[in-house]
Amino acid sequence: MARVQIERVSKVYGKSDTPAVREVSLQIEHGEFLVLLGPSGCGKSTLLRMIAGLEDISGGEVRIEDRVVNDVAPKDRDIAMVFQNYALYPHMTVRDNMAFGLKLRRTAKDEIARRVDDAARILGLTPLLERRPRELSGGQMQRVAVGRAIVREPKVFLFDEPLSNLDAKLRGEMRVELKRLHQRLGATMIYVTHDQVEAMTLGDRVAVLNAGALQQVAPPLEVYRRPANRFVAGFLGNPPMNFIPGRIEGDAFAAEGGARLALPPAIVASLGERPAVVGVRPEDVEISAGTDEGIAGRVEVREVLGSEAILYVRVPGLAGGPLAVQARSEIDVDAGADVRLRPSAERLHVFDEASGARIAGP
Amino acid sequence: MPVLPPPSESGRLPAASPIPAAPVITPASTLGAGSRSGRRSGLRAWLGRRSTREAIAGYLYLTPNLIGFLVFTSLPILAVFAMSFFEGSFVSRPVEIVTGEAVAAAADQAVDGGATTELDARWVGLENYRRIVFEDVAFRRALWNTLFLMLAIPISMALSLGLAILLNRKIRGRVVFRTIYFLPTVASGIALFLMWRWIYNRDFGLLNAVLSSVGLVDAPGPDWLGDPSLAKPALMMMGIWIAMGGTNMVLYLAGLTNIDPALYEAAEIDGATAWQKFRHITWPQLGATTFFIFTTNLIGGFQIFDQAFVMTEGGPWVATGSGETYGATRTLLYMIYDYLYVYGNMGYASALSVVLFGLVLIVTAINWRLSRRLLGN
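Since this is a predicted model, take the numbers as computed values, not measurements.

Moving on, we come to the overall build of chain B. In terms of regular secondary structure, chain B is built from 18 helices and 6 strands. The buried share of chain B, reckoned over its 377 residues, is 22%. Considering only contacts within chain B whose residues lie at least 6 apart along the sequence, 67% involve residues at least 24 apart.

Shown next, in the form of structure tokens:
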């Protein structure tokens with residue numbers, strides 16, 4: 001267990017003008033599970049690789065347990081890493097794969113055997129110990145990769161999109177297993193993913209990155225409920241948050257396209273005249289047919305997902321696409337139906353149009 | 001009575017249909033009877049199958065190549081086997097003429113297109129092989145020379161691998177270096193050999209000039225190609241120089257680029273040194289490449305000829321006390337060449353070729369076995 005401190009860390013490749021990672025600062029506490037989340041190319045893997053020591057740090061400092069490790073070799077940082085494609089040594093058995101790092105460190109033979117057997121038992125790999133990687137399924141290889149990290153008993157575990165090569169069902173199972181593993185080991189873990197479900201379910205906190213810059217660090221639910229800016233709001237959630245650009249005119253919000261939305265007076269007051277974007281999550285809109293209350297619209301598409309349905313509702317006077325609205329799948333509204341929408345006033349998010357920064361919200 | 005579903009094209013019942021609870025199951029519904037109807041239209045069904053049609057198309061595409069292989073490779077090989085039981089040049093020559101009368105008769109026959117010539121070939125059975133195995137000292141010398149020169153193979157492979165690893169680094173101008181090292185492979189072999197003949201020249205050669213300028217040898221220096229104890233190492237050194245930057249290096253480079261960089265990163269985190277990364281990742285990952293290069297080089301090694309032909313003409317020649325004279329760089333293929341073109345004994349040359357073929361076969365088989373064990377597949 002250890003604390004990892006990242007201070008104004010940047011990465012610039014070659015003579016490139018745009019840094020891959022720009023001045024990111026993060027504190028990862030003892031035993032914390034921190035998820036680095038973002039779209040591809042946002043710099044999250046680069047940041048992880050800088051913590052691992054696989055990439056040079058262009059600026060800033062990385063400290064593990066209060067020791068600056070910028071110039072410390074990966075093997076001396078007391079970390080273990082699980083790679084996206086597992087990176088198992090192909091010609092070694094599962095046992096040798098897990099033992100390799102310990103052998104190189106001249107750990108005593110019986111100690112190696114004990115740790116490998118322990119890890120194999122935890123991960124259900126005991127019957128596979130004498131197999132070679134190519135005789136394993138994707139899920140089993142993933143377990144071996146995790147096992148190889150566990151036996152080292154490192155201070156910090158680093159995961160680089162470890163589940164993205166697995167199929168959906170296996171991914172779900174491994175997610176639960178990783179969560180259990182973290183609870184069992186209580187170790188500090190830093191986990192890179194572009195999958196918001198993994199981020200929400202695994203992380204004690206989620207750090208959202210975009211274009212190399214840190215957008216928000218917070219517990220998953222807070223990132224979801226109180227996104228710091230429009231990027232975070234749009235990146236988390238499926239279907240994504242609806243955005244309605246416009247500005248305050250009089251006592252209501254005039255959307256581009258002409259529609260007028262009533263906003264709580266406090267928000268109206270804080271907004272002033274500047275252009276803004278109102279955001280509302282699909283589940284925060286109440287939909288009903290046969291009333292006169294709310295915004296009128298017509299259902300264009302209805303997607304049933306099981307217990308829930310997503311309705312795409314075209315609202316006259318709203319520029320942009322239809323609004324996504326989440327409802328119970330039993331709802332008796334079909335494509336072509338005229339409906340009324342009532343966004344929950346206390347769940348509205350308001351962002352500055354220019355900067356995307358959050359102005360008001362729950 | 002419930003109606004049975006008709007058997008599908010393959011003669012089986014449709015998988016999805018529930019088997020009806022018929023009191024009496026008619027033979028037509030059993031698998032055996034179903035396959036009977038399948039057999040009737042078997043050939044047509046087989047021809048109509050997509051996989052069959054694709055196979056036929058595939059073989060059609062291969063036909064030109066197969067015919068070429070048959071005519072220009074398989075048949076000559078069979079001919080060599082056949083000829084190895086004969087002695088002679090296999091060239092037609094005039095029949096022996098004894099009397100003047102016969103000359104006239106022979107001339108007449110020649111005009112008529114009759115047999116005035118005979119093929120120079122006499123059946124000797126296994127005699128050629130007996131000679132090669134039990135008698136021919138020259139064969140043993142040639143085999144020894146060939147094997148000796150083949151010692152260059154592991155050395156040049158190691159150097160190729162080293163070069164490939166160096167040139168796989170992200171260094172400035174690595175494409176230029178790759179090209180430079182590959183150039184000898186593109187150049188004509190004869191031209192290179194002639195250049196090396198000059199390098200090895202005792203009086204005017206580069207090698208002796210360099211060696212004597214640093215005081216390692218006294219002028220005129222060793223006669224690299226003329227000294228029986230130096231000729232073989234000299235040829236080997238040249239062979240290594242030509243081979244190390246060539247195809248072997250390119251193959252190793254290709255093999256190296258196929259290794260997942262994450263393996264090295266994982267090893268880095270595991271704490272492996274440069275040597276340990278090579279030992280545990282690079283070397284095993286290149287196993288198949290190494291095996292391929294080693295096998296092809298072995299086969300090529302048994303066929304060393306042209307460099308000896310150009311550089312030393314099989315010499316320098318050594319006379320032993322027992323009256324035997326042998327060439328220090330005369331290889332197996334050189335011997336075959338001599339029997340074919342110089343001594344005019346196609347039969348013996350063929351037998352030597354068959355023996356060479358056998359040697360290559362045995363060595364390749366051993367190599368194959370070994371690599372299967374080492375590579376594990």
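On average, residues of chain A carry a pLDDT of 90, and 100% of them reach 70 or more. Within chain A, the lowest mean pLDDT, 82, falls on helix 9 (residues 265–271) of chain A, and the highest, 95, falls on strand 3 (residues 33–37) of chain A.

The subject of this paragraph is the pairing of strand 14 (residues 276–280) of chain A. Residues and elements named next belong to chain A. Of all 5 residues in strand 14, 5 are buried; the element is thus mostly enclosed. The two faces of strand 14 match: Ala 276, Val 278 and Val 280 on one face and Val 277 and Gly 279 on the other face are all buried. As defined by bridge partners, strand 11 (residues 242–249) adjoins strand 14 across 5 bridges and the pair is classed as antiparallel. Considered in strand 14, the bridge of Asn 242 is made with Val 280. Of the strand pairs in this sheet, strand 14 and strand 20 (residues 349–352) are connected by 4 bridges, and their pairing is antiparallel. Paired with Gly 279 across the two strands is His 349, which belongs to strand 20.

This next bit is on the sheet that holds strand 19 (residues 338–343) of chain A. All names here are of chain A. Read from one edge to the other, the open sheet built from 5 strands follows the order 15-19-16-17-18, with strand pairing classed as antiparallel. Unpaired on one side and paired on the other, strand 15 (285–288) and strand 18 (323–328) mark the two borders of the sheet. This sheet shows a mean twist of 45° between the axes of neighbouring strands, independent of strand direction. Pairing geometry for strand 15 and strand 19, over 4 bridges, is antiparallel. Directly across from Ile 287, in strand 19, lies its bridge partner Leu 341.

Looking only at helix 13 (residues 261–270) of chain B, the buried set comprises Leu 263, Ala 266, Ala 267, Ile 269 and Asp 270 of chain B. Buried residues of helix 13 of chain B fall within an arc of 160° about the axis and therefore sit on the same side. Contact partners of the buried residues in helix 13 of chain B: helix 1 (44–52), strand 6 (79–82) and helix 2 (94–104) of chain A together with helix 14 (274–285) of chain B. Positioned one or two residues after helix 13 of chain B, Gly 271 of chain B has a phi angle of 95°, which is positive.

In any sheet, the strands associate via hydrogen bonds between backbone groups, in a parallel or an antiparallel arrangement. All names here are of chain A. Reading across the sheet, the 4 strands line up as 2-1-4-5 and stay open at both edges, with antiparallel pairing between neighbours. The sheet is open, and its two edges are formed by strand 2 (21–28) and strand 5 (67–68), each paired on a single side. Where strand 1 (residues 4–11) and strand 4 (residues 59–64) come together, 5 bridges link them in antiparallel fashion. Counterpart to Ser 10 in the pairing with strand 4 is Gly 59. Against the sheet, helix 1 makes contact with strand 1, strand 2 and strand 4, and its axis sits at roughly 120° relative to strand 1, the strand it touches most.

On to the packing of helix 3 (residues 109–123) of chain A against helix 4 (residues 138–151) of chain A. All names here are of chain A. Where helix 3 meets helix 4, the closest approach of the two axes is 9 Å, and the angle between their N-to-C directions is 140°. Our classification of the angle between helix 3 and helix 4 gives oblique. Of the two elements, helix 3 crosses helix 4, and the hand of that crossing is right-handed. Here Arg 115, Val 116, Ala 119, Ala 120 and Leu 123 of helix 3 lie close against helix 4, whose contacting residues are Arg 143, Val 146, Gly 147, Ile 150 and Val 151. Grouping the constituent residues of the contact of helix 3 with helix 4 by class yields 7 nonpolar, 1 polar and 2 charged.

Turning to the interface of chain A and chain B, a few remarks are in order. Taken residue by residue, the interface counts 17 residues in chain A and 15 residues in chain B. Taken together, the residues of the side of chain A that touches chain B sort by class into 12 nonpolar, 3 polar and 2 charged.

Turning our attention to the packing of helix 7 (residues 152–168) of chain B against helix 11 (residues 228–244) of chain B. Residue and element names in this part refer to chain B. At a closest axis distance of 9 Å, the pairing of helix 7 and helix 11 adopts a crossing angle of 30°. The interaxial crossing formed by helix 7 with helix 11 has right-handed handedness. Contacts between helix 7 and helix 11 pair Ala 152, Ile 155, Ser 156, Leu 159, Ser 160 and Leu 163 from the former with Met 236, Gly 239, Ile 240, Ala 243 and Met 244 from the latter. Partitioned by chemical class, the residues of the contact of helix 7 with helix 11 number 8 nonpolar, 3 polar and no charged.

This brings us to the pairing of strand 10 (residues 213–218) of chain A. In terms of strand pairing, strand 9 (residues 205–210) of chain A meets strand 10 of chain A through 5 bridges, oriented antiparallel. Across the sheet, residue Leu 209 of chain A finds its bridge partner in strand 10 of chain A, namely Leu 214 of chain A.

To continue, consider the environment of Ala 259 of chain A. Examined against the element boundaries, Ala 259 of chain A turns out to sit in the loop between strand 12 (252–255) and strand 13 (260–262). The contact partners of Ala 259 of chain A, leaving out residues within four places of it in the chain, are Val 315, Gly 317 and Leu 318 of chain A.

What counts and how
- Residues numbered from 1 in each chain as written.
- Chains lettered and ligands numbered in written order.
- Predicted model: local features only at pLDDT ≥ 70, side-chain atom pairs only at ≥ 80, totals over all residues.
- Helix = DSSP H or I, 4+ residues; strand = E, 2+ residues; numbered from the N terminus.
- Buried ≥ 20, exposed ≤ 12 C-beta atoms within 10 Å, placed from the backbone.
- Contact = placed C-beta atoms within 7 Å.
- pLDDT = per-residue confidence, 0-100.
- Pairing = 2+ DSSP bridges.
- Axes fitted to C-alpha atoms, helices over the stretch in contact; angles between N-to-C directions.
- Arc of directions from axis to C-beta.
- Parallel < 35°, antiparallel > 145°, perpendicular 65-115°, else oblique.
- Left-handed = near helix turned anticlockwise from the far one by under 90°.
- Nonpolar A, V, L, I, M, F, W, Y, C, P; charged D, E, K, R; others polar.

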